[in-house]
Number of protein chains: 2
Amino acid sequence: MEKQTVTIYDVAREAAVSMATVSRVVNGNPNVKPATRKKVLEVIDRLDYRPNAVARGLASKKTTTIGVIIPDVTNAYFSSLARGIDDIAMMYKYNIILTNSDENGGKEVQVLNTLMAKQVDGIIFMGNQVTDELREEFRRSKAPIVLAGSVDAEKTQPSVNIDYVAAVAEAVKNLIDHGNRKIAFVSGSMDQAINHDYRLKGYKKALKDAGIAYDDKLVFETDYTYKAGQSLEPALSAAGATAAFVGDDELAAGVMNGLTDAGVAVPDEFEVITSNDTKLTELVRPKMSSITQPLYDIGAVAMRLLTKLMNNETVDENTVILPYGLMKRSSTK
Amino acid sequence: MEKQTVTIYDVAREAAVSMATVSRVVNGNPNVKPATRKKVLEVIDRLDYRPNAVARGLASKKTTTIGVIIPDVTNAYFSSLARGIDDIAMMYKYNIILTNSDENGGKEVQVLNTLMAKQVDGIIFMGNQVTDELREEFRRSKAPIVLAGSVDAEKTQPSVNIDYVAAVAEAVKNLIDHGNRKIAFVSGSMDQAINHDYRLKGYKKALKDAGIAYDDKLVFETDYTYKAGQSLEPALSAAGATAAFVGDDELAAGVMNGLTDAGVAVPDEFEVITSNDTKLTELVRPKMSSITQPLYDIGAVAMRLLTKLMNNETVDENTVILPYGLMKRSSTK
DNA sequence: CTTTGATGTGAAAGCGTTTTCACTCTTGCG
DNA sequence: CGCAAGAGTGAAAACGCTTTCACATCAAAG
């Protein structure tokens, strides 16, 4: 025996009004006489009527659902953003369809398509490799799309970020100020805009400002994993580096622990500064110095921006830049 | 100018067939002559037709979307499960509506209701405090619900877990075997079934087996946060404990770092063993010994189980128990 | 009284699919 | 050559809501 669903029609019949009226009271439309409203509400309560959101979505062309594409929920940086997104979404009565992309272009395109098929009202995209194909899909979408904690070199989509160039430059300058001349730049794939177009630029800028020559032997392109960082020590030492800027906290933890395990003292013999200021930075010993980012807020602001876009409100600034900082902990002098 | 949507009707007209036929080819129904299929496919391609999943959901009463209730995406334990869930879901063509509950009963009930309103085909629930009200909602649901990494004392819902009692008992026995007599039990709220009904039982069992009297002064009920753990050191020392079993990795990292910072040597003066075997255990120094759980698999199996339930397949065992292990690292002797 | 403008309500047309049912062709077989 | 059994297709009825439009009612204003 299937559980029976009660529809708006049942309520209308029982309350001796039309479906239109029931719909009005359900949606808080003021054009209903208080007495009628009360009557309808009673029936709704009695029958335990619950509006079917799918039918509503079909009729109104709004699903109050947004899509969120995330590289990996398991990643502390992105999950912090996701938390900010969800909280604000909930505040505005939206739900979130969350999908992991592994920053895999093909998967991203596919996911984007199913999200659009599901008629989401908006999309938040996280991931740093916006391919042409992806950009094309973005354009095709009738739902607004905002990038959170993610950059696209072409700046074609609304986005929320910090000023990565300036932040990295400042972090590296800090290392330089401590007397380091050979500073490693450790990051994930250089195919990602955030690395080659932003972080590396900041790195180069700091070097240039200090009159230090750029040496690509000091640039280490690897995976965003703890293991990858851990196994980097020999190379780092071989290159003669005495400090490193790292583009991801987990990676940085690996780098640092790898160094420590190899007998290199952090920060005395080698300084490390990382990028994302996730919880991780406080857990490891020594605690890691880091660029600080308002992680939760990046997600929250992105979601807020999306709500405006979905309501066709005019927004003054499509690409918002949130403030960053530098947190000195114990992995730098 | 709104972007125009092309509907199944447009395709039917252009291909000079009926909507029914278009629907058939879209859904891979074999009852279509190859020639017709080809013709329709061409038109679909030419018009760039994309089926509207909402309309489809209304007509078919299946949304290929499932709801996932998670305490906090930011938590490494749960986000690992979530990753397993999403991967399997994607494999079976489902999408996930993810919502954070903060293990707040009221929020959980509310979220559950909106999920049901959105006609999700199934629900995966994570959270260890199944209130009566919640249980009542579960019962009301026509979508199957499975618990992942979460226990309900009443065992009324399908679930996927490890044998917490045995695992904790083994972990504590290990501590006892190392000569510890005063072993602290550190966990989150005792209101949670997993703590008072499982972990604590395992703890008591191990003590009893070793002939050690249970002393509730050694039970520390706190928050699942790093900070909470860190500030526990004075109390731990005051109670004369020489070892601790901890119910959460982040909490355990806090405990351990708090101890270390206070000059208590881990593991020489104080041993720590934790519960979830998340990445964290490897990041901290010393690395933490832990009960090992197949995190990803718990999520994956839960999702797989859910697919069966959604298809009305008969499942032999509704409450599945996955194997656990014990990983000795450096926070125990 | 009539007129006017709000206010409250209902009928019915969508929204874009799936699915049932009936119907028309083909086949293969006796 | 006739007929039963598929195979292939279309018409149209759902699915459960929102929204438009027209209509009725009523109070205030003239």
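Because the structure is predicted, anything quoted here is derived from the model rather than measured. (Residues numbered from 1 in each chain as written. Chains lettered and ligands numbered in written order. Predicted model: local features only at pLDDT ≥ 70, side-chain atom pairs only at ≥ 80, totals over all residues. Heavy atoms only, no water.)

Participant: Go over the overall build of chain A, please, and point to the residues and values.
Facilitator: Looking only at helices and strands, chain A features 14 helices and 12 strands. What you see for chain A is a C-alpha radius of gyration of 25 Å, clearly larger than the 20 Å of a compact globule of 333 residues, by over 25%. Seen through its C-alpha atoms, chain A measures out along the principal axes to roughly 85 × 35 × 35 Å. Here chain A holds 333 residues, and the buried ones make up 55% of them. Surface summary for chain A: the accessible area is close to 14,200 Å², and the carbon and sulfur share equals 52%. (Helix = DSSP H or I, 4+ residues; strand = E, 2+ residues; numbered from the N terminus. Rg over C-alpha atoms; globule rule 2.2 N^0.38 Å. Buried < 20%, exposed > 50% of the residue type's maximum accessible area, 1.4 Å probe, protein only. Areas by Shrake-Rupley, 256 points an atom, 1.4 Å probe, with all protein chains shown as cover.)

Participant: So, the interface of chain A and chain B: which residues are in play, and what are the values?
Facilitator: Between chain A and chain B, the residue contacts involve 55 residues of the former and 55 residues of the latter. Together, the buried faces of chain A and chain B total about 4,800 Å²; carbon and sulfur atoms form 49% of this surface. Along the contact surface separating chain A from chain B lie 12 salt bridges. Here D261 of chain B ties to R285 of chain A by a salt bridge, and the two come within 2.9 Å at their closest N and O atoms. Taken together, the links from chain A to chain B amount to 30 residue pairs in polar contact (both at pLDDT 80 or more). (Contact = heavy atoms within 4.5 Å. Buried area = accessible area lost by both parts, 1.4 Å probe. Salt bridge = Lys/Arg side-chain N within 4 Å of Asp/Glu carboxyl O. Polar contact = N/O pair within 3.5 Å; in protein donor to acceptor, adjacent residues only side chain to side chain.)

Participant: Give a description of the pattern of salt bridges that names residues and reports values.
Facilitator: Scanning the entire structure with this criterion turns up 45 salt bridges over all chains. Here R13 of chain A makes a salt bridge to D10 of chain A, at a shortest N to O gap of 2.8 Å. Of the two residues, R13 of chain A and D10 of chain A both sit in helix 1 (residues 8-15), 3 residues apart, roughly one turn of that helix. You can call R13 of chain A partly exposed: its relative accessible area is 47%. Linked by salt bridges that have partners in common, D48 and R50 of chain A together with E136, E137, R139 and R140 of chain B make up one network.

Participant: An account of empty space enclosed by the protein is needed here, citing residue identities and associated values.
Facilitator: Across all of its chains, the model carries 6 cavities of 30 Å³ or more by this definition. Around the largest cavity sit 14 residues that line it, and V54, T65 and K118 of chain A together with V54 and K118 of chain B are the ones nearest its centre. Of all the secondary-structure elements, those providing two or more residues to the lining of the largest cavity are helix 4 (53-60) of chain A together with helix 4 (53-60) of chain B. Broken down by class, the residue content of the lining of the largest cavity amounts to 8 nonpolar, 4 polar and 2 charged. (1 Å grid on protein atoms, 1.4 Å probe; cavity = no way out; pocket = protein on both sides within 12 Å on 5 of 7 lines; lining within 4 Å. Points joined across faces, edges and corners; volume = space filled by probe spheres on them. Nonpolar A, V, L, I, M, F, W, Y, C, P; charged D, E, K, R; others polar.)

Participant: Go over the protein's contact with DNA strand D, please, and point to the residues and values.
Facilitator: Residues in close proximity to DNA strand D total 28 residues, the closest being I8 and S23 of chain A together with T21, R24 and T36 of chain B. Put simply, 62% of the atoms of DNA strand D that lie within 4 Å of the protein are in sugar or phosphate. With respect to DNA strand D, the backbone of N52 of chain A contributes an N or O atom lying 3.0 Å from a phosphate oxygen. In this structure, A55 of chain A approaches DNA strand D through a main-chain N or O atom, which is 3.5 Å from a base nitrogen. Those elements giving two or more residues to the surface near DNA strand D turn out to be helix 2 (19-26) and helix 4 of chain A together with helix 2 (19-26) and helix 4 of chain B. Residues of the surface near DNA strand D, tallied by class, amount to 13 nonpolar, 10 polar and 5 charged. (Near = heavy atom within 4 Å.)

Participant: Can you tell me about the relation of the copies chain A and chain B, naming the residues and giving the values?
Facilitator: Rotating chain A by 180° and translating it 0.0 Å along the rotation axis places it on chain B, where the RMSD comes to 0.0 Å. Put plainly, the chains are arranged around a two-fold axis. Scanning chain A for the C-alpha nearest the rotation axis identifies I97 of chain A, at a separation of 2.2 Å. (Least-squares fit on C-alpha atoms with pLDDT ≥ 70 in both.)

Participant: Please set out the environment of S237 of chain A residue by residue, giving values where relevant.
Facilitator: Among the secondary structure elements, S237 of chain A is positioned in helix 11 (residues 233-238). In the structure, S237 of chain A is positioned 27 residues away from V264 of chain A in sequence and 9.1 Å away in space, judged by C-alpha atoms.

Participant: How would you summarise the layout of surface pockets if you had to cite specific residues and measurements?
Facilitator: Here the second largest pocket is characterised by a volume of approximately 1,600 Å³. Residue assignment for the lining of the second largest pocket shows that the elements contributing at least two residues are helix 2 and helix 4 of chain A together with helix 4, helix 6 (105-117) and helix 14 (295-310) of chain B. In terms of residue class, the lining of the second largest pocket is made up of 18 nonpolar, 14 polar and 11 charged.

Participant: Give me the lowdown on the sheet that holds strand 6 (residues 183-187) of chain B, citing residues and values where you can.
Facilitator: All names here are of chain B. Across the sheet, which stays open at both edges, the 6 strands sit in the order 7-6-8-9-10-12 with mixed pairing between neighbours. Edge strands, defined here as strands with exactly one partner in the open sheet, are strand 7 (219-221) and strand 12 (325-327). Each strand axis lies, on average, 20° off the axis of its neighbour in the sheet, ignoring direction. Taken together, the 3 bridges between strand 10 (residues 289-292) and strand 12 define a ladder with antiparallel strand orientation. Within the sheet, the bridge partner assigned to S290 lies in strand 12 and is M327. (Pairing = 2+ DSSP bridges. Axes fitted to C-alpha atoms, helices over the stretch in contact; angles between N-to-C directions.)

Participant: I'd like a description of the side chain of D249 of chain A, backed by residues and values.
Facilitator: Residue and element names in this part refer to chain A. One can find D249 in helix 12 (residues 249-261). For D249, which is buried and forms no salt bridge, the nearest opposite charge comes from R329, at a distance of 7.2 Å. A polar side-chain atom of D249 sits 2.6 Å from a polar atom in the side chain of T274. Leaving out residues up to four positions away in the same chain, D249 has contacts with T274, S275, N276, D277, T278, L280, T281, M288 and S290. (Lys, Arg positive; Asp, Glu negative; His and termini not counted.)

Participant: Residue-level account of the nonpolar core, with values.
Facilitator: Counting residues in each nonpolar core, the largest one holds 162 residues, and the members touching the most others are I66 and M303 of chain A together with I66 and M303 of chain B. Leaving out residues up to four positions away in the same chain, M303 of chain A has contacts with I66, I85, I88, A89, Y94, I124 and M310 of chain A. Counting 31 residues, the second-largest nonpolar core is a separate cluster that includes I69, M116, V130 and L147 of chain A. (Core = buried A, V, L, I, M, F, W, Y, C linked by side-chain atoms within 4.5 Å.)

Participant: Break down the pairing of strand 9 (residues 271-274) of chain A for me, citing the residues and quoting the values.
Facilitator: Consecutive residues of a regular strand have side chains that alternate between opposite faces of the sheet. Residue and element names in this part refer to chain A. A two-sided burial pattern is seen for strand 9, the buried positions comprising E271 and I273 on one face and V272 and T274 on the other. Sheet topology note: the strand 8 (residues 243-246)/strand 9 ladder contains 3 bridges and is parallel. Across the sheet, residue A244 finds its bridge partner in strand 9, namely V272. Across 2 bridges, the pairing between strand 9 and strand 10 (residues 289-292) is parallel. In the strand pairing of strand 10, T274 is matched with S290.

In short, shape yes, function no, at least from these values alone.
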